[in-house]
Amino acid sequence: MKPPTLSRKTLLLLCGAACILACEASAQSALPPTGGADEDCTLATPYTVACVEKYMITNDQLQSAVSAHSLANSLETLHKQMGDTPEFDGARRRLADIMQSAKDEAVEMGIATPDMYVSMLTTQAAQTREGKDFVLVNEKELNLALNTDIGADRLIVSLGRELAHIRNGDTAPSAVAHYRNDAASSREAELRAELEGSGPLGGFRPLSAIDYAKDRLRDELQKLVFFKGSTLNDIDPNRLSDRDYKAISDEHEARYGNPFHLSPWERIVALRRELDLMLQYGLSHEVRTHSDREAESKWLVDQILHDSLASR
C-alpha cells in the first residue's frame, strides 16, 4: 500500500525547510507568516513563490541552528563518548576530509561554501527567506560518515549533489515553486544535479554515487520483501544482478513512486553512462584546468540528460 498523501503544508515544510530547526520554540511560533497572497497554500491551487516563502526560515534562525547543531558539535559529542582514542582520531579525520571536499567542490562550482547543520531530514540544500543557501545534513548519514570511511564517501557524494542544486539555483523560491508544479522539470533538475555533483565539478565520483544508489536499493529490498504480493521473495540479497536491482527499483516505484523524482534505477543507469563517457572524454581531451572541467561537465550533462529523461 502507498503511504498517505501529505498535505501541501507538510510538503512545503519538507521542501522549504521550515520545520527543521531543533529549537525550543515550536515551528509555528518560530516561523511567522509573511502574509500576502496564498497565505493558506491550499492543496487545490498551484505552488506559488509567496506560498514557498511563507515556510522558509530566516537568516537569524539559520544562524541559531548552525550554532546549536553544527557538524563540529556532532564531532564534539562523539569525542565525549569516545575520548582520545584512535576511533575518534578517525572520526576527526573523516569530518575534515568531508569539509575540505565540500569547500573544494564549492570553488569548482563557483559558489560560496554554504552553512551546514545537522537535521533529522534527508541531506538537502535549501535557502533562507533572505536568499542565503545552506545544507541540511542528515543526522544518521553524518554519524555513519564519522564512524566509517564508506559513510564518509557517501556523505561527500550527497553534498556534491546538493552543492550542484545550489549552483543551478534550485533552492530559490521561484525554482522550488516551479519544480513542485512541473514533474518533468523536477526530474531534470534532480538528474542535472546528480550528474554535476558526481562529475568533473564534484570530484569525479560517479562510481561512488553508483555504489551508494545500489546500497540504498539493498536496504529497500529488506523492507519490500515483507509487503503482501511482493515479487522480490526469490532474490538473493548477497547476489544481486542488474536485473535484480531494476526489479527492486520497480517494486519501490510501484509502492512509493513519485513522478517528481527519478527512480533509483534511472539514477544508476545515468551515472553509469556518465562514468563511461568520462573515460571516453579523457582519451580525447586534456583536462587540467577549471575551464576544462566545466567544459567536460557541460558535455556530459548534454549527452545524458535528454536521453535519460526521454525514456520515461
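Look a little higher up for the structure.
The paragraphs below set out a description of the structure included in this document. (Residues numbered from 1 in each chain as written. Predicted model: local features only at pLDDT ≥ 70, side-chain atom pairs only at ≥ 80, totals over all residues. Heavy atoms only, no water.)

### Describing the pattern of salt bridges
Okay, so step 1: Evaluated as defined, the whole model comprises 21 salt bridges.
Okay, so step 2: Here Arg-192 makes a salt bridge to Glu-188, at a shortest N to O gap of 3.2 Å. Highlighted residues: Arg-192 and Glu-188, both in helix α10 (residues 183-198), separated by 4 residues, approximately one helical turn.
Okay, so step 3: On the basis of relative accessible area, Arg-192 is assigned to the partly exposed category, the value being 26%. (Salt bridge = Lys/Arg side-chain N within 4 Å of Asp/Glu carboxyl O. Helix = DSSP H or I, 4+ residues; strand = E, 2+ residues; numbered from the N terminus. Buried < 20%, exposed > 50% of the residue type's maximum accessible area, 1.4 Å probe, protein only.)

### Points about the side chain of Ser-297
Okay, so step 1: Mapped onto the elements of the fold, Ser-297 is located in helix α14 (residues 290-310).
Okay, so step 2: With relative accessibility at 4%, the residue Ser-297 sits in the buried group.

### Focus: the sheet that holds strand β2 (residues 124-127)
Whenever strands of a sheet pair, they do so through backbone hydrogen bonds, lying parallel or antiparallel.
Okay, so step 1: Spatial ordering of the open sheet is given by β1-β3-β2, a layout of 3 strands whose pairing is mixed. Each having just a single partner strand, β1 (115-119) and β2 make up the two edges of the open sheet. Between one strand and the next, the sheet's axes are offset by a mean angle of 35 degrees, whatever the strand orientation.
Okay, so step 2: Across 4 bridges, β2 lies against strand β3 (residues 133-138) in antiparallel orientation. Bridging from a neighbouring strand, Ala-126 pairs with Phe-134 of β3.
Okay, so step 3: Of the strands in this sheet, β1 and β3 touch helix α7 (residues 139-147), which is tilted by about 70 degrees from β3. (Pairing = 2+ DSSP bridges. Axes fitted to C-alpha atoms, helices over the stretch in contact; angles between N-to-C directions. Contact = heavy atoms within 4.5 Å.)

### Remarks on the packing of aromatic side chains
Okay, so step 1: Applying the stated criterion across every chain yields a total of 3 aromatic pairs.
Okay, so step 2: Centre to centre, the rings of Phe-227 and Tyr-256 are 6.1 Å apart; their planes meet at 85 degrees, and the pair counts as edge-to-face. Pair noted here: Phe-227 is in the loop between α11 (206-224) and α12 (242-256) and Tyr-256 is in helix α12, with a separation of 29 residues, a long-range link.
Okay, so step 3: The positively charged end of Arg-216 is found above the aromatic ring belonging to Tyr-212, 5.7 Å away from the centroid. (Phe/Tyr/Trp six-rings, centres within 6.5 Å; stacked < 30°, edge-to-face > 60°. Lys NZ or Arg CZ within 6 Å of the ring centre and 35° of its normal.)

### Side note on the packing of helix α9 (residues 173-181) against α10
Okay, so step 1: Packing of α9 against α10 leaves a shortest axis separation of 5 Å and a crossing angle of 120 degrees. Accordingly, the angle class assigned to the pair α9 and α10 is oblique. Across from His-178, Tyr-179 and Asn-181 in α9, the residues of α10 making contact are Ala-183, Ser-185, Ser-186 and Ala-189. (Parallel < 35°, antiparallel > 145°, perpendicular 65-115°, else oblique.)

### Re the environment of Leu-262
Okay, so step 1: Its place among the elements puts Leu-262 in the loop between α12 and α13 (264-284).
Okay, so step 2: Separated by 76 residues in sequence, Leu-262 and Ser-186 have C-alpha atoms that sit 8.9 Å apart.

### Details of unusual backbone geometry
Okay, so step 1: Phi is positive for Phe-204, which is not a glycine, with a value near 55 degrees.
Okay, so step 2: With respect to the element layout, Phe-204 can be found in the loop between α10 and α11.

### So, the packing of α12 against α13
Okay, so step 1: Across the interface, α12 lies against α13 with an axial gap of 8 Å and an inter-helix angle of 140 degrees. Considered as vectors, α12 and α13 are oriented oblique to each other. Facing Asp-242, Tyr-245, Lys-246, Ser-249, His-252 and Glu-253 of α12, the residues of α13 in contact are Pro-264, Trp-265 and Arg-272.

### Re the environment of His-261
Okay, so step 1: With respect to the secondary-structure elements, His-261 resides in the loop between α12 and α13.
Okay, so step 2: His-261 sits in the partly exposed class, given a relative accessible area of 29%.
Okay, so step 3: Residues His-261 and Ser-186, spaced 75 residues apart in sequence, show a C-alpha to C-alpha distance of 6.8 Å.

### A few points about the nonpolar core
Okay, so step 1: Counting residues in hydrophobic clusters, the biggest one holds 28 residues, and the most contacted among them are Val-137 and Leu-159.
Okay, so step 2: Of all the elements in the fold, those that place two or more residues in this core are α5 (71-82), α6 (86-109), β1, β3, α7 and α8 (149-167).
Okay, so step 3: Discounting chain neighbours no more than four positions away, the residues touching Leu-159 are Ile-98, Ala-102, Met-116, Thr-123, Val-135 and Val-137. (Core = buried A, V, L, I, M, F, W, Y, C linked by side-chain atoms within 4.5 Å.)

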